[in-house]
Amino acid sequence: MTMAKPKIASVWLEACAGCHMSFLDIDERIVDLLGKVELTATPITDIKIFPEVEVGVIEGALGNEEELHLAKELRERCKILIAWGDCAVFGGINCMRNFMPAEQVLKEGYVDTVSTVNPEGVIPRQDLPALLPQAIPVDRAVKVDVYVPGCPPDADTIYYVFSEILEGRIPTVPTDIMRYD
Amino acid sequence: MSDITLVIDGIECRAAKGETILQAAGKHDIYIPTLCWMEGLTPIGSCRMCVVEVEGNPKLLTACTTPAENGMKVHTKTEKLKQYRLQILELLFAGRNHFCMFCSQTGDCELQRLAIEHGMDRVRYPFLYEPFHNDASDPNIQMDHNRCILCLRCIRVCAEKVGAHTLDLEKRGWATNITADLGKELGESDTCVSCGACAQVCPTGTITLRDFVYRGRRTDCDDQVESICPLCSMGCRIKAYVRTGSVARVEGLSAASPDGGQLCHKGRWGLPKSTERDRLTVPMIRTGSSFREADWEEALELIASKMGPSAEAGRAGALLSELSTDEELSVVSSFFRDTMKMDKVDGFFGNLLRGFVNGFKPFADQGVRPFTGAHNILGSDAIIVLGADPQEEAPVAASYIRVSAIIERAKLINVSCGRNPFEGLTDGDHRAASPKEMKKLLLSLRTLVEGGEENASPEMQETARILREAKKPVFVIGSALAENPDLVTEALNLAVASRAFFDDGLGVVPMLRGGNCLGALNTVIGGSDWLSESELDFLYVLSTGMVDEDKRSLEAMTRARFVVVHTPFMVHPLVNMADVLLPAPAWFERSGHYCTLEGERRRMNMIVPPKGNLKGLSVIMNELAGKLGRELQPASAAPCENVYEAKAPSSAAAVVPVKEVR
């Protein structure tokens with residue numbers, strides 16, 4: 001009897017894509033992994049709609065309405081949700097802006113930056129998702145089942161986490177391979 | 001000493017009464033996590049990482065502050081403790097900006113290490129995101145309060161080891177902050193001595209040194225080498241970190257060592273900054289206003305041809321750095337003094353050292369060692385600073401003096417012609433208008449101490465009383481005093497009258513500036529100051545390039561007809577004076593021994609191998625001797641040997657009469 005391969009969906013929110021890059025660093029083991037799982041919506045496959053999946057993976061913190069929406073959507077459509085990397089787990093570098101109000105962040109970015117020419121001081125509101133008051137770790141918005149800190153987590157750690165989930169276990173990252181940088 | 005027994009994690013541990021649970025556990029290799037605790041500093045139990053359970057006590061106790069008691073049953077690794085510790089770490093991470101990805105100390109951070117050790121894969125508490133000040137006002141030390149966990153190590157090291165008391169806490173609760181001088185930025189502080197000890201002990205990325213950040217984490221460095229700082233006779237122990245063949249970081253050894261792991265401003269910045277200076281890597285010969293590269297053969301040939309006739313005529317001299325090792329001093333003195341029979345050999349600090357030597361002589365003649373280890377300032381009950389500016393001359397000794405005066409409540413007295421270097425800390429301050437007045441002052445102090453009746457001022461009476469009553473007075477004598485040997489003798493007389501007797505010698509600490517001044521006494525320091533008067537045809541200068549040359553030496557070089565400068569760095573104006581430049585290894589490329597003021601012979605170790613086309617000093621001297629048709633003679637004096645050997649206990653010292661001050 002052949003069981004359907006478990007499906008994985010991943011999303012790249014407020015982060016640098018380094019975690020997905022680190023995932024690709026599992027090198028030839030990806031062939032083995034692809035034999036066991038089916039990648040659906042990911043930044044790599046460029047499929048934008050999450051199907052119902054067994055495992056959802058979020059890279060990045062939640063900084064705006066769109067990211068919050070995507071996180072909630074993925075949570076609804078997956079059984080196990082992984083917070084991948086320091087941004088998803090702790091908020092990471094995005095939290096640098098939390099030390100000032102969101103309005104000041106926009107002004108800094110669109111008006112005050114030395115390299116910006118914006119004499120009217122226009123801050124785009126229509127075309128961009130609104131900023132949340134603060135960038136937040138994923139578990140401040142939705143329930144997270146597996147935390148994988150690291151900036152990025154090592155490829156071995158990522159592989160370990162997937163392997164454990166495929167074995168039917170909910171892993172915690174062992175201290176000897178955990179990192180925050 | 002093992003007078004109590006307790007059980008920690010089922011292991012029977014023996015400990016001395018008064019030891020803490022942490023110390024008892026440490027002796028038996030039982031690990032208890034700590035964060036605010038640091039060996040050598042007063043434990044304060046503030047971070048609560050070291051909490052343990054003690055049977056029969058419902059509270060958790062901090063192992064670092066709780067004394068071990070007989071029969072105690074201690075548990076250090078229960079699930080409850082693990083959860084408490086994890087909670088503490090999460091609260092610390094939630095409190096301020098502890099995002100490792102953009103911190104220079106990631107990988108070296110003790111907070112990070114502990115969090116990983118405790119498997120902290122999330123933070124369950126709301127992050128506060130409260131902005132704190134990033135104090136970048138100091139040119140060398142950065143203090144980002146957003147990274148601070150208030151462990152107070154910096155405050156403690158600044159107070160307990162450096163004695164500067166620059167740092168303290170301001171405000172309350174969440175807003176509590178480290179501050180300098182009761183509310184100033186660090187760069188504006190008047191009390192900060194820029195020693196960088198605070199950064200060395202900081203467990204997080206709060207206090208960092210600009211010279212070292214992003215040059216390699218301690219954990220990433222290829223090698224760690226213990227050595228000593230050559231910059232003054234304190235001979236502070238250092239640890240240098242090597243990464244890809246260069247010195248990435250220099251630190252004091254440890255807060256547990258007697259000097260508290262301190263480096264002074266000179267060592268902390270002078271050592272690492274020197275590794276980036278322009279190097280001299282090949283011999284160079286002057287052509288007009290510039291230099292051309294030469295090979296060793298040609299350079300040594302030229303030197304030999306100039307040196308031979310000059311030495312015959314008694315018009316050759318050698319000026320050597322007291323920052324050289326015993327071994328180097330042996331080689332050069334064997335060449336110049338014993339092989340070439342030159343008597344014009346001296347050190348850069350020759351005059352200063354002669355002042356001390358001549359002043360010490362009457363006591364050395366009595367078989368008494370005329371000084372004691374500088375660490376004896378700690379534990380002393382009265383410190384008398386005589387014509388010294390320790391913060392400039394030997395800054396770690398100044399730390400000892402401050403710690404002794406402030407924390408140990410020793411009496412501190414200044415006697416000087418100029419300013420009081422410890423203004424505000426002194427119990428007595430006596431100023432003399434001139435060296436002559438100074439001598440009178442010392443003499444009347446001695447008369448008072450000896451119980452002589454004299455119509456003295458109440459201040460003098462009080463100082464005399466302090467000296468009379470002191471059990472272990474220490475006299476710190478500086479270069480201002482050494483300008484006149486009689487004043488040195490008079491200072492030692494005062495020490496004898498005050499019964500400043502220590503096991504290793506008289507309670508006197510001379511401020512010797514060069515790292516190996518004591519080693520130079522036997523080998524290179526001549527009996528007279530020929531350098532100021534001589535018109536020389538040939539002058540050989542061995543410099544480490546680490547200390548600015550004084551006027552006397554530079555003038556002598558200007559007057560000399562042919563100058564050979566042997567130095568690691570392209571230091572100006574030294575190289576401008578040279579006719580031939582010879583490259584030498586820098587302090588981090590040499591090894592050898594130093595006679596330190598602490599009475600220990602300490603080893604300087606090679607940290608990285610020498611770069612460039614270098615030759616060893618003994619090879620050079622051998623080749624020069626060969627070219628001059630001579631055989632290199634063994635040195636007649638060994639550097640560190642018999643330097644003020646104690647033949648009699650210091651208490652046997654007798655006061656010596658001093659003539660009228662010249």
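Here, residues in each chain are numbered from 1, in the same order as that chain's written sequence. Chain letters start at A and ligand numbers start at 1, both assigned in the order the entries are written. In keeping with the predicted nature of the model, local features appear solely for residues at pLDDT of at least 70, side-chain atom pairs appear and are counted solely at 80 or more, and the whole-chain, interface and lining totals rest on all residues. Excluded from the side-chain calculation are hydrogens and water; included are all heavy atoms of the structure.

1. Digging into the overall build of chain B
Moving on, step 1. The number of helices and strands found in chain B is 19 helices and 29 strands.
Moving on, step 2. With the C-alpha coordinates aligned to their principal axes, the bounding extent of chain B is approximately 85 × 70 × 45 Å.
Moving on, step 3. Burial status follows relative accessibility: with a 1.4 Å probe on protein chains alone, a residue under 20% of its type maximum counts as buried, one over 50% as exposed, and anything between as partly exposed. Residue burial in chain B is summarised as follows: out of 662 residues, 60% are buried.
Moving on, step 4. Looking at chain B alone, contacts between residues at least 24 apart form 70% of all its contacts between residues at least 6 apart.
Moving on, step 5. What sets the accessible areas is the Shrake-Rupley method with a 1.4 Å probe; for residues, cover comes only from the shown protein chains. A total of about 26,200 Å² of accessible surface is found on chain B, and carbon and sulfur atoms cover 49% of it.
Moving on, step 6. Positive residues here are Lys and Arg, negative ones are Asp and Glu, while His and the chain termini are left out of the count. Taken as the charge location is NZ of Lys, CZ of Arg, CG of Asp or CD of Glu. Both charge centroids of chain B, one from 74 positive and one from 86 negative side chains, sit 2 Å from each other. Numbering goes from the N terminus for both helices and strands, where a helix is a DSSP run of H or I of at least four residues and a strand is a run of E of at least two. For this analysis, residues touch if any pair of their heavy atoms sits within 4.5 Å.

2. Remarks on the pairing of strand E29 (residues 601-604) of chain B
All names here are of chain B.
Moving on, step 1. Covered by surrounding structure in E29 are Arg602 and Met604 only, the residues Arg601 and Arg603 on the alternate face being uncovered.
Moving on, step 2. Following DSSP output, two strands are said to pair if at least two bridges run between them. In this sheet, E29 lies alongside strand E28 (residues 592-595) in antiparallel orientation, the contact comprising four bridges. Within E29, the residue paired with Gly592 across the bridge is Met604.
Moving on, step 3. Between E28 and E29, which pair antiparallel in sequence order, lie five residues; one of them, Gly599, sits at a positive phi of approximately 80°.

3. Comments concerning helix H3 (residues 65-77) of chain A
All names here are of chain A.
Moving on, step 1. The span you would expect from a helix comes to 1.5 Å times its residue count less one. Look at H3: 19 Å from first C-alpha to last across 13 residues, which is about the 18 Å you get at 1.5 Å a residue.
Moving on, step 2. Where H3 is concerned, the buried positions are Glu67, Leu68, Leu70, Ala71, Glu73, Leu74 and Arg75.
Moving on, step 3. As for H3, its buried residues are in contact with strand E1 (7-12), strand E3 (53-59), strand E4 (62-64), strand E5 (78-84) and strand E6 (131-136).

4. Here we look at the packing of helix H2 (residues 79-95) of chain B against helix H3 (residues 110-117) of chain B
Residues and elements named next belong to chain B.
Moving on, step 1. A fitted line through C-alpha atoms serves as each axis, taken over the contacting stretch for helices, and the angle formed by two N-to-C directions is quoted from 0 to 180°. Look at H2 against H3: their axes get within 10 Å of each other, and the N-to-C directions meet at 135°. With respect to their mutual orientation, H2 and H3 come out oblique. H3 is crossed by H2, and the crossing has left-handed handedness. For the pair H2 and H3, contact is made by Leu89, Leu92 and Phe93 and by Leu111, Gln112, Leu114 and Ala115, respectively. Angle categories are assigned with fixed cut-offs, so that under 35 degrees is roughly parallel, over 145 is roughly antiparallel, 65 to 115 is roughly perpendicular, and the rest are oblique. Put simply, a crossing is left-handed when the front helix is turned counterclockwise from the back one by less than a right angle, and right-handed when it is turned clockwise.

5. Focus: the sheet that holds strand E11 (residues 223-228) of chain B
Residues and elements named next belong to chain B.
Moving on, step 1. Spatial strand order, E11-E12-E13: three strands in an open sheet with antiparallel pairing. Each end of this open sheet is capped by a strand with a single partner; those strands are E11 and strand E13 (246-252). Within this sheet the neighbouring strands show an average axis-to-axis angle of 30°, counted without direction.
Moving on, step 2. With six bridges joining them, strand E12 (residues 237-243) and E13 adopt antiparallel strand pairing. Of the residues in E13, the one forming a bridge with Lys239 is Glu251.
Moving on, step 3. Along the sheet face, helix H6 (residues 265-274) touches E12 and E13 and points at about 170° away from the line of E13.

6. Concerning the sheet that holds strand E4 (residues 60-62) of chain B
Residue and element names in this part refer to chain B.
Moving on, step 1. In space, the five strands of this open sheet follow the order E2-E1-E5-E3-E4, with mixed pairing throughout. The strands lining the two open edges of the sheet, one partner per strand, are strand E2 (11-15) and E4. For this sheet, the mean inter-axis angle between neighbouring strands, taken without regard to orientation, is 40°.
Moving on, step 2. Across two bridges, the pairing between strand E3 (residues 51-54) and strand E5 (residues 73-75) is antiparallel. In the sheet register, Glu53 faces E5, and the bridge partner there is His75.
Moving on, step 3. Packing against the sheet, H2 makes contact with E3, E4 and E5, and its axis sits at approximately 155° to E3.

7. Focus on the pattern of salt bridges
Moving on, step 1. For this analysis, a salt bridge means a side-chain nitrogen from Lys or Arg found within 4 Å of a carboxyl oxygen belonging to Asp or Glu. Enumeration over the complete set of coordinates arrives at 57 salt bridges over all chains.
Moving on, step 2. The salt bridge involving Glu276(B) is made with Arg215(B); its shortest N-O contact spans 3.0 Å. One end of the pair, Glu276(B), is in the loop between H6 and strand E14 (284-287); the other, Arg215(B), is in the loop between strand E10 (207-209) and E11, with 61 residues separating them in the sequence.
Moving on, step 3. You can call Arg215(B) partly exposed: its relative accessible area is 24%.
Moving on, step 4. Between Glu251(B) and Arg218(B) there is a salt bridge, with the nearest N and O atoms lying 2.7 Å from each other. Of the two residues, Glu251(B) is situated in strand E13 and Arg218(B) in the loop between E10 and E11; the sequence distance between them amounts to 33 residues.
Moving on, step 5. Look at Arg218(B) and you get buried, because its relative accessible area is 18%.
Moving on, step 6. Here the salt bridges share partners, and the residues they tie into one network are Asp154(A), Arg179(A), Asp181(A), Arg217(B) and Asp220(B).

8. Details of the state of the cysteines
All names here are of chain B.
Moving on, step 1. Two cysteine sulfur atoms form a disulfide, by the criterion used here, when they sit within 2.5 Å. Overall, the coordinates contain zero disulfides over all chains when judged by the stated rule.
Moving on, step 2. Free of any disulfide, Cys109 has its nearest cysteine sulfur in Cys100, 6.2 Å distant.
Moving on, step 3. Given a relative accessible area of 12%, Cys109 falls into the buried group.
Moving on, step 4. There is no disulfide at Cys517, and the cysteine sulfur nearest it, in Cys232, is 9.1 Å away.
Moving on, step 5. Residue classification places Cys517 among the buried positions, given a relative accessible area of 0%.

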